[in-house]
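Examination of the molecular architecture
These are the residues of each chain, in order.
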Amino acid sequence: MHRVMRYLGLIIAWLALWRVAVVLEFAPHASIWFPPAGLSFAAMLVLGWRAIVPIAVAGFVSTAWIAEIYNEPLSVSSWMTTSLLFVIAHTVPLGLGAYAVKRVHMSNGVNGFARTVLTFLLVAALSTMFTSLLGIMAIWEGGLMTGAQRWLSWLPWWIGDMAGVIVLAPVFIAIVSWRYPRVQEYLGELSFSLSSVKWRAFASRLSLVIALLCLSLFLVHHTQRFEASFTVFFIILPFLWIATTASPLTSVFILALFSGVMALLVSQLQLIDFALVYQFAMTITAACVWFAMTIPTLMAQNAELTARVARDGLTKAASRGHFVQRLEYKLQSSQSKTPCCLIIFDFDYFKQINDVHGHIVGDRVLVSVTNYVNQQLRENDIMGRFGGDEFMIMLPETEFSEAQAVAERLCLGISQLQIDGLNDRVSCSFGVVYCQPNEHAMSAIDRADRALLMAKKQGRRQVVASAA
């Protein structure tokens, strides 16, 4: 019963949206934007091929309705043939497009939102192009369109369907997702939660773009100049701001309401001669909004990748590359005149720990020791992992004697640590050097490494310092 009611609701919604589009026609069988295309795309993305049945019923009803509107009586056989061809033309390209977008998004995962957006826009353009071509052939075969009207209607039909998909399909998906939470699994980062909407900001931003739209339309209405209609493209700029600062739900609904007001005013102000410009403006604005919506996601992903590159995954110490970069900057910048020391330490007999107790215990030793070292360091000090069980510490604004004391304190503290799964105590050897002004980072590291080797040769668990 619930499925029947759902399908009945889809039929009624499709026909209601189709009737609105017919009222706003500016060329034979071509509206400024075609909301049923967006509803069909969204329904087939969410419901799959099950959505074809209610869409087909709506298609058969609309074909008979078209014949009545254009005073073109159809026989039963002509009606059946025309309706069937129209349903195939409308559902197959859009259905394949919805399936492609769904598969691409699910294979990309939540980190592939930008690629999904690009796929969605490309699929919307191609699927609606085939829908318009096949739809015009179906209407023409039924005798509801002349040969001259075919070419007159094809481009407006295509752009109208494309606007319906790009602008309105996300709105219908959002509405469906409120009723069926599982849809969120397909949306990934494109969350349509109402809790993400700040209603005051929503109203102010919507008012801004509507006001700018009205200014553009009334300028065209007053001057009747074709070039004045292109002022509508400037509204892309505030839309870019909205898309990069508001939630996806806010951006999607503002775009949908904006397109509806545009279509209505173009019709009411008798600006039919400029309708194609506004069709393109609607589609291009929507595409820009979708691309702009990926910017916050890409920025967040870049920040995450930067953090991953800068940090060692196990110990959370700075990565080797990041540490060397920071040390080089310190030694070569204007801060090079302030004292800076470098400590290198590694574990004594660490290979035996791995061989006897296993790598899990070995990793636990690394994490425990580095956590202890981090607790002993100051906020401006930096610890990095040089590789394996070898670590580096940069001590800015630190005199050589202070650095030696830090190394001695760490050497003693590490030897007193108790680590789960390990009965024996661990120890580390340390090399300490004073960094010379304008010295290259690798030169300082090499000197510290030689001091560490000397500590190893002298019996381990000790500190060797070299000022020169």
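Look a little higher up for the structure.
Residues numbered from 1 in each chain as written. Predicted model: local features only at pLDDT ≥ 70, side-chain atom pairs only at ≥ 80, totals over all residues. Heavy atoms only, no water.

1. Some details on the overall build of the protein
Broken down by element type, the protein carries 16 helices and seven strands. Relative to its 468 residues, the protein shows a buried fraction of 52%. Once local pairs closer than 6 in sequence are excluded, the contacts in the protein between residues at least 24 apart make up 74%. Accessible surface, the protein: about 22,300 Å² in total, of which carbon and sulfur atoms supply 63%. (Helix = DSSP H or I, 4+ residues; strand = E, 2+ residues; numbered from the N terminus. Buried < 20%, exposed > 50% of the residue type's maximum accessible area, 1.4 Å probe, protein only. Contact = heavy atoms within 4.5 Å. Areas by Shrake-Rupley, 256 points an atom, 1.4 Å probe, with all protein chains shown as cover.)

2. What about the pattern of salt bridges?
For the structure on display, the rule yields eight salt bridges. Close ionic contact of Asp312 with Arg385 constitutes a salt bridge, the shortest N to O distance being 3.2 Å. Of the two residues, Asp312 sits in the loop between helix H11 (275-310) and helix H12 (320-332) while Arg385 sits in strand E4 (residues 382-387), which places them 73 residues apart along the sequence. Accessibility expressed as a relative area gives 16% for Asp312, which makes it buried. Note that Arg450 is salt-bridged to Asp446, the shortest N-O span being 3.2 Å. With a gap of four residues between them, Arg450 and Asp446 both fall in helix H16 (residues 441-457), about one helical turn apart. Residues participating in the shared-partner salt-bridge network are Asp346, Asp348 and Lys456. (Salt bridge = Lys/Arg side-chain N within 4 Å of Asp/Glu carboxyl O.)

3. Side note on the side chain of Glu439
Inspection of the secondary structure puts Glu439 in the loop between strand E6 (428-434) and H16. Among the polar contacts listed, one links the side chain of Glu439 to the backbone nitrogen of Gln436, at a separation of 2.9 Å. One polar contact links Glu439 to Ser443, side chain to side chain, over a distance of 3.0 Å. Excluding its chain neighbours within four sequence positions, the residues that come into contact with Glu439 are Leu331, Gln332, Tyr434, Ala444 and Arg447. (Polar contact = N/O pair within 3.5 Å; in protein donor to acceptor, adjacent residues only side chain to side chain.)

4. So, H16
End to end, H16 covers 25 Å across 17 residues, agreeing with the expected 24 Å (1.5 Å per residue, within 8%). Looking only at H16, the buried set comprises Ala441, Ala444, Ile445, Arg447, Ala448, Ala451, Leu452, Ala455 and Lys456. Lining the buried residues of H16 we find H12, strand E3 (340-347), E4, strand E5 (390-396), E6 and strand E7 (463-466). (Expected span 1.5 Å × (residues − 1).)

5. Overview of a nonpolar patch on the surface
A cluster of nonpolar side chains, Leu122, Leu126, Phe130, Leu133, Leu134 and Met137, forms an exposed patch at the surface whose accessible area comes to about 540 Å². Summarising the element assignment, Phe130 is placed in helix H5 (residues 113-141). (Patch = residues over 30% accessible without salt bridge, like charges linked within 9 Å, V, L, I, M, F, W, Y side chains within 5 Å.)

6. Concerning the packing of helix H14 (residues 359-376) against helix H15 (residues 400-415)
Relative to each other, H14 and H15 sit at 140°, their axes nearing to 11 Å. The orientation of H14 with respect to H15, classified from their angle, is oblique. Viewed along their axes, H14 and H15 form a crossing whose handedness is right-handed. For the pair H14 and H15, the contacting residues are Val369, Tyr372, Val373 and Gln376 in the first and Arg409, Leu410, Gly413 and Ile414 in the second. (Axes fitted to C-alpha atoms, helices over the stretch in contact; angles between N-to-C directions. Parallel < 35°, antiparallel > 145°, perpendicular 65-115°, else oblique. Left-handed = near helix turned anticlockwise from the far one by under 90°.)

7. Topic: unusual backbone geometry
The backbone of Lys316 shows a phi angle near 65°, a positive value even though the residue is not glycine. Relative to the helices and strands, Lys316 is located in the loop between H11 and H12. Positive phi is not limited to glycine here, since Glu397 has a value of about 55°. You can see Glu397 is positioned in the loop between E5 and H15. Looking at Glu397, the relative accessible area reads 41%, which means it is partly exposed.

8. A short note on the pairing of E7
Bridge count for E6 against E7 is four bridges, and the pairing is parallel. Counterpart to Val432 in the pairing with E7 is Ala465. As a crossover connection, the stretch from E6 through H16 into E7 is left-handed. (Pairing = 2+ DSSP bridges. Right-handed = clockwise from strand over helix to strand, strands pointing away.)

9. Examining the side chain of Ser216
Within the secondary structure, Ser216 sits in helix H8 (residues 199-223). In terms of polar contacts, Ser216 uses its side chain to reach the backbone amide nitrogen of Val232, at 3.4 Å. Every residue in contact with Ser216, bar those within four places of it in the chain, is listed here: Ala228, Ser229, Thr231, Val232 and Tyr278.

10. So, the packing of aromatic side chains
Counting across every chain of the model gives 12 aromatic pairs. Ring centres of Phe226 and Phe230 lie 5.5 Å apart, and the angle between their planes is 80°; on these two criteria the pair is classed as edge-to-face. Residue Phe226 is classed as partly exposed on the basis of its relative accessible area of 44%. Among the residues examined, Phe230 registers a relative accessible area of 39% and is labelled partly exposed. Taking 5.6 Å as the distance between ring centres and 20° as the angle between the ring planes, the aromatic pair formed by Phe345 and Phe391 counts as stacked. Note that Phe345 is positioned in strand E3 and Phe391 in strand E5, a separation of 46 residues in sequence. Here a set of aromatic residues connected by ring pairs shows up, and it is made of Phe345, Phe347, Phe350, Phe391 and Phe430. The residue whose ring lies beneath Arg320 is Phe386, and the NZ or CZ to ring-centre distance is 4.0 Å. (Phe/Tyr/Trp six-rings, centres within 6.5 Å; stacked < 30°, edge-to-face > 60°. Lys NZ or Arg CZ within 6 Å of the ring centre and 35° of its normal.)

11. Regarding the nonpolar core
Among the nonpolar cores identified, the biggest contains 90 residues, and Phe41, Val209, Phe239 and Trp290 are the most heavily contacted of them. The element that contributes the greatest number of residues to this core is helix H6 (residues 147-179), accounting for 14 residues. For Val209, the contacting residues outside a window of four places in its chain are Ile235, Pro238, Phe239, Ile242, Ile254 and Phe258. Leu366, Leu377, Ala407 and Cys411 belong to the second-largest nonpolar core, a separate cluster that totals 33 residues. (Core = buried A, V, L, I, M, F, W, Y, C linked by side-chain atoms within 4.5 Å.)

12. Comments concerning helix H9 (residues 236-245)
Of all the positions in H9, only Ile236, Pro238, Phe239, Ile242 and Ala243 are classed as buried. One face of H9 carries all of its buried residues, which in axial projection span an arc of 160°. (Arc of directions from axis to C-beta.)

13. Thoughts on the packing of helix H13 (residues 350-357) against H14
Interhelical geometry of H13 versus H14 gives an angle of 140° and a closest axis separation of 7 Å. By the angle between their directions, the pair H13 and H14 is classed as oblique. Between H13 and H14, the residues in contact are Phe350, Ile353, Asn354 and His357 and His359, Val361, Gly362, Val365 and Leu366, respectively. Its residues assigned to classes, the contact of H13 with H14 shows five nonpolar, four polar and no charged. (Nonpolar A, V, L, I, M, F, W, Y, C, P; charged D, E, K, R; others polar.)

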